[in-house]
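Architecture and fold: a report
Each chain, written out:
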Amino acid sequence: MMGMDVDIVYLWVDGNDPQWRAKHNACIGKTEEKSAVNCEGRYADNDELKYSLRSIEKYAPWIHRIFIVTDNQVPEWLDTSSPKVRIVDHKEILPEISLPCFNSRLLEHFLYRIPGLSEHFLYANDDMFINRPVAPEDFFSSDGLPVVRFNRRPFRKLSLWFKEKVQGKQLSNYVQAIRNSAALVERKYGIYYGGKTHHNIDAYLKSDCKHVGEVFKSEIEATLSNHVRSANDVQRNIYSYVPLAEKRAHLSYVTQKTSFRLHIDNPGHYGKLERYKPMLFCMNDSEYATDSDRKRATAYLEKRFPEKSCFEK
C-alpha cells in the first residue's frame, strides 16, 4: 500500500466574489437566510481551505497531489506555482447541461473525470481538517481498498418511514438525497445500508466512481440539470454503498474520537473537540450560523494551525 499515490480533491467556492454572486443570483436567485439548500453558509468562504491545507502539510505530508475544484475562481492566498496543487474548473469535468453548478452533490458525480487524478484519492470539503498524524492505511486497507467511514444508524429505514408516514414530518433535503442512494443500491443489490457519511474526509477509488456512474447512469442523468440541491439528488454515499455491496471496501463506524462534526453555531462544540481530540474534524457552516460564528471559527483555526503552509504565497 505504501507505494501507491494518494491524491486529495477539494470543492471550494468564494461566495463573496461579485462575479460569482451575479452568476448565482441570475441562475437560482439570492440566498435565503434560513434555506438549507441556498443559504449564505452554503457558499461563505472563511479561509477554511487555507487551514485545511495547513493540516494536510502538518499531518499528511504523504499526499501526492491536491486538486481544488472551483467555478472560475482561485483563492487569493494560494501559490498556484506549487507543482503539488492544481485548480480544476467546473467546465473541465461537468457536462454542459449542468453549468453553472451550485450543487456539490452533482459535482461529486464527476470527480473521477479530473485529469491526472490518482486511482486512490481522498475527497474533502474545504471545511474538513486532519487533527493528528495519519497514514495512507488510515484511509486504504493493506489490500488497497477504501475504508468507508459511516455514522452508525440502526433501523434507519424504519425510522425514516415512521417519521414521514406516521408522524407526517417532512424529511430534510439532505436526508432525502441519502435515502435516494440507499434505495437505488437496495433495488440493485438487495442490501440496504442505513449508515450515512460521517461528513468528513473520505476515501475512494477512481475506478469505483466510474463504475457506479455506469451502473446508475440513467438515475444520475436525471439530476444533471439540478443547479442547486434538489430532492431527487443522488448523494455520494452511493460511491461507498456499491463497493461495500460488491465486497470491495471495508466498513468502519466512527465515534466522536475518530471523526467530529463541529457546528460553528454551537460554541459548546469547541470544548468537545478539544476533549475528544479526533483524527478528523469538520467545521460545519449552515443556515443557523451568523457572521460572528464564522469569525469565531476562523479565529479558532488560526490558533489551531498558525504556521503558514508551502501552498500559500
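Residues numbered from 1 in each chain as written. Predicted model: local features only at pLDDT ≥ 70, side-chain atom pairs only at ≥ 80, totals over all residues. Heavy atoms only, no water.

Some points on the side chain of D127
With respect to the helices and strands, D127 occurs in the loop between β4 (120–125) and β5 (128–130). Despite its burial, D127 pairs with no opposite charge, the nearest such side chain being R261 at 7.3 Å. Apart from the residues lying within four places of it in its own chain, the contact partners of D127 are E48, F281, C282, M283, N284 and D285. (Helix = DSSP H or I, 4+ residues; strand = E, 2+ residues; numbered from the N terminus. Buried < 20%, exposed > 50% of the residue type's maximum accessible area, 1.4 Å probe, protein only. Lys, Arg positive; Asp, Glu negative; His and termini not counted. Salt bridge = Lys/Arg side-chain N within 4 Å of Asp/Glu carboxyl O. Contact = heavy atoms within 4.5 Å.)

Digging into a nonpolar patch on the surface
Residues F155, L158, W161, F162 and V166 make up a contiguous nonpolar surface patch of about 580 Å² in total accessible area. Looking at the element boundaries, V166 is found in helix α6 (residues 156–166). (Patch = residues over 30% accessible without salt bridge, like charges linked within 9 Å, V, L, I, M, F, W, Y side chains within 5 Å. Areas by Shrake-Rupley, 256 points an atom, 1.4 Å probe, with all protein chains shown as cover.)

Quick word on the packing of helix α7 (residues 173–189) against helix α10 (residues 238–245)
The contact between α7 and α10 brings their axes to 9 Å, and the two run at 25 degrees. Classified by the angle their axes make, α7 and α10 are roughly parallel. In this structure, α7 crosses over α10, and the sense of that crossing is right-handed. In this structure, α7 contributes I178, S181, A182, L184, V185 and Y189 to the contact, and α10 contributes I238, Y241, V242 and A245. Residues belonging to the contact of α7 with α10 are distributed by class as follows: 9 nonpolar, 1 polar and no charged. (Axes fitted to C-alpha atoms, helices over the stretch in contact; angles between N-to-C directions. Parallel < 35°, antiparallel > 145°, perpendicular 65-115°, else oblique. Left-handed = near helix turned anticlockwise from the far one by under 90°. Nonpolar A, V, L, I, M, F, W, Y, C, P; charged D, E, K, R; others polar.)

Notes on the pattern of salt bridges
Under the counting rule described, the total for this entry stands at 18 salt bridges. Here E312 makes a salt bridge to R54, at a shortest N to O gap of 2.7 Å. Residue E312 is found in the segment after α12 (291–304), and its partner R54 is found in helix α3 (residues 48–59); the two are separated by 258 residues along the sequence. With a relative accessible area of 8%, R54 lands in the buried category. Where D291 meets R294, a salt bridge forms, and the shortest distance between an N and an O atom there is 3.1 Å. With D291 and R294 both in helix α12 and 3 residues apart, this pair spans about one turn of that helix. Judged by its relative accessible area of 56%, D291 is exposed. Overall, the relative accessible area of 8% leaves R294 in the buried class. A network of salt bridges, in which partner residues are shared, links R54, E302 and E312.

Everything listed here is a matter of coordinates, which is why it stays silent on function.
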